[in-house]
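The primary structure of each chain is shown beneath.
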Amino acid sequence: MKDRVVLAYSGGLDTTVAISWIAKERNAEVVAVSIDLGQGGEDMETVRQRALGAGAVESIVLDARDEFANEYCLPTIKANGMYMKEYPLVSAISRPLIVKHLSDAAKEHGGTAVAHGCTGKGNDQVRFEVGFANTAPDLEIIAPVRDYAWTREKAIAFAEENGIPIEQSKKSPFSIDQNVWGRAVETGFLEDLWNAPTKDVYSYTEDPALGQAPDEVIITFEGGAPVAIDGRKVTVLQAIEELNRRAGAQGIGRLDMVEDRLVGIKSREIYEAPGAMALIRAHEALEAVTVERELARYKRQVDARWSEEVYDGLWFAPLKRSLDAFIDSTQEHVTGDIRMVMHAGRMDVNGRRSNKSLYDFNLATYDEGDSFDQTLSRGFVELHGLSSKIASKRDLA
């Protein structure tokens, strides 16, 4: 009986070619697993049929949109997850979900190995393989693109020599990864840092200079989770999808950054994440109202560390799990409404309300009714600066 290899199948060039290559070089059967994460584009049945046409013995399509939103995007919202203060972890949070389902498929279909189409230069090889080491350590891992130095040209040549249908998967000059949380674009002319992105790079967002009328939105959170938009109840998935449309129409969520990859190289990446950026911005604004000062200061450090752990492929690691527990504990009172105006690429918060608010009007006001005892402040300031004052006297002597 032949070995079975379970392949993370995107429908693109590399993974389509990998089906035939694994079958030929490893004398193994390939089970292709494709996961709907809200990426849009091709119909998933078309993707499934392409895998079968390339030689897969089975082609499995899973709808994981709500699972992705609830178990991966929502923790990212609660953690204000932004690697290098910019990137909302579009690809990074999808990989552990894919790992989970590939590990399950290997058990169900008798797989002895799992395969992915990642290169040796990227972060995804780490995310997949460390994830498998945590969830299914007995499985062999096959990475043909990395381990056999595939190039785009070599992959196309192999496909043409072996009659593999790849017409749809070789059209784009870019490497693109997308899901409901956002879209990542790299390679092609973007590898020259001086080249500006052209309009064909973008898909989730309109040009912010188009002059759309401003869009005011009210986002309601309960315990850190978005539960309503403009008073209408929504699931987390629905919140992301609606804000993808509305924030995307305003050109919000475009990022052009040089990113520090885990493998040690710098890489130019173009991202679009309108819904993600709008939700994180609103969530941060509500935390500013409802989370106590010292806890908020410390959480900002934890958020940054959480983002690094996730970016580095350590979703299943002990530190990440402990950071999750801390972050969840901070969300108890993050309940209320944020009003935000989205326009011409900007998001401006102009309203906040919460029955868990720590904002006290009578303490904050400068008008009549002020309950803050200002006579206490002089002694507070003197004591607060006392140690630095003593040090300064010594240093200036």
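This structure is a prediction, so every number in the text was calculated from the model and none was measured.

Visitor: Now, about the sheet that holds strand 9 (residues 225–229): what can you tell me, with residues and values included?
Guide: The antiparallel open sheet is built from 5 strands, whose spatial order is 10-9-8-13-14. The open sheet has two edge strands, strand 10 (232–233) and strand 14 (346–353), and neither has a second partner. Sheet analysis places strand 9 next to strand 10, joined by 2 bridges and oriented antiparallel. Of the residues in strand 10, the one forming a bridge with Ile 229 is Arg 232. Helix-sheet contacts for helix 8 (residues 236–249) involve strand 8 (215–222), strand 9, strand 10 and strand 13 (336–343), and the interaxial angle to strand 9 is about 60°.

Visitor: Explain the UniProt feature "domain: Arginosuccinate synthase-like N-terminal" (unreviewed entry) in the protein residue by residue, including any values.
Guide: Within this numbering scheme, the UniProt entry marks residues 4–165 as carrying the feature "domain: Arginosuccinate synthase-like N-terminal" (unreviewed entry). In the segment residues 4–165, helix accounts for 48% and strand for 15%; the C-alpha atoms at its two ends are 22 Å apart.

Visitor: Talk me through a nonpolar patch on the surface; I want residue IDs and the actual numbers.
Guide: Together, Leu 383, Leu 386 and Ile 390 line one region of the surface with nonpolar side chains, adding up to about 310 Å² of accessible area. For Leu 383, a relative accessible area of 64% translates into the label exposed.

Visitor: Outline the nonpolar core, listing residues and values.
Guide: Nonpolar side chains in soluble globular proteins tend to be buried together. Core analysis: the biggest nonpolar cluster contains 76 residues, and Phe 68, Leu 89, Ile 93 and Trp 181 have the highest contact counts within it. The element contributing the most residues to this core is helix 9 (residues 274–290), with 8 residues. The residues contacting Ile 93, other than those within four sequence positions of it, are Phe 68, Tyr 72, Cys 73, Thr 76, Trp 181, Val 310 and Trp 315. Residues Tyr 9, Val 17, Val 145 and Ile 164 belong to the second largest nonpolar core, which totals 26 residues.

Visitor: Could you give an account of the UniProt feature "binding site: ATP" (unreviewed entry) in the protein, naming the residues involved and the relevant values?
Guide: UniProt feature "binding site: ATP" (unreviewed entry): in the numbering of this structure it lies at Ala 8, Tyr 9, Ser 10, Gly 11, Gly 12, Leu 13, Asp 14, Thr 15, Thr 16 and Gly 117. Taken along the chain, the residues just named run across 110 residues; in space they keep tight, none of their C-alpha pairs more than 12.7 Å apart. Inspection of the secondary structure assignment puts Gly 11 in the loop between strand 1 (4–8) and helix 1 (13–25). On the basis of relative accessible area, Gly 11 is assigned to the buried category, the value being 5%. Along the chain, Leu 13 falls in helix 1. Among the residues examined, Leu 13 registers a relative accessible area of 6% and is labelled buried.

Visitor: Pulling in residues and values, what's your account of the pairing of strand 8?
Guide: With 7 bridges joining them, strand 8 and strand 13 adopt antiparallel strand pairing. Its bridge partner lying in strand 13, Val 217 is registered against Met 340. By the bridge criterion, 4 bridges tie strand 8 to strand 9 in an arrangement that is antiparallel. Bridge pairing in strand 9 links Glu 222 to Ala 225. The turn joining strand 8 and strand 9, which pair antiparallel and follow one another in sequence, is formed by 2 residues; a positive phi near 55° is taken by Gly 223.

What counts as what
- All residue numbers here refer to positions counted from 1 along the written sequence of the relevant chain.
- Side-chain atom pairs in this predicted model are given and counted only at pLDDT of 80 or more, local residue features only at pLDDT of at least 70, and totals for whole chains, interfaces and linings cover all residues.
- Only hydrogens and water are removed before side-chain values are computed, so all heavy atoms of the structure are retained for them.
- The rule for pairing is simple: two strands pair if DSSP sees at least two bridges between them.
- Numbering of helices and strands starts at the N terminus; helices are DSSP runs of H or I of at least 4 residues and strands are runs of E of at least 2.
- In this description, contact between two residues means that some pair of their heavy atoms is separated by no more than 4.5 Å.
- Think of each axis as a best-fit line through the C-alpha atoms, taken over the contacting stretch in the case of a helix, with angles from 0 to 180 degrees between the N-to-C directions.
- UniProt positions are given in the numbering used here, feature names are shortened, and annotations may be inferred rather than shown by experiment.
- Without a salt bridge and with relative accessible area above 30%, a residue can belong to a patch; like charges are then joined within 9 Å and nonpolar side chains (Val, Leu, Ile, Met, Phe, Trp, Tyr) within 5 Å.
- For the area figures, the Shrake-Rupley method with a 1.4 Å probe applies, and any residue is considered shielded solely by the protein chains shown.
- The rule for a salt bridge is simple: a side-chain nitrogen of Lys or Arg has to be within 4 Å of a carboxyl oxygen of Asp or Glu.
- Relative accessibility decides the category of a residue: with a 1.4 Å probe and only protein chains considered, values under 20% of the type maximum give buried, values over 50% give exposed, and everything between is partly exposed.
- Side-chain atoms within 4.5 Å link the members of a nonpolar core, which is a set of buried Ala, Val, Leu, Ile, Met, Phe, Trp, Tyr and Cys residues.

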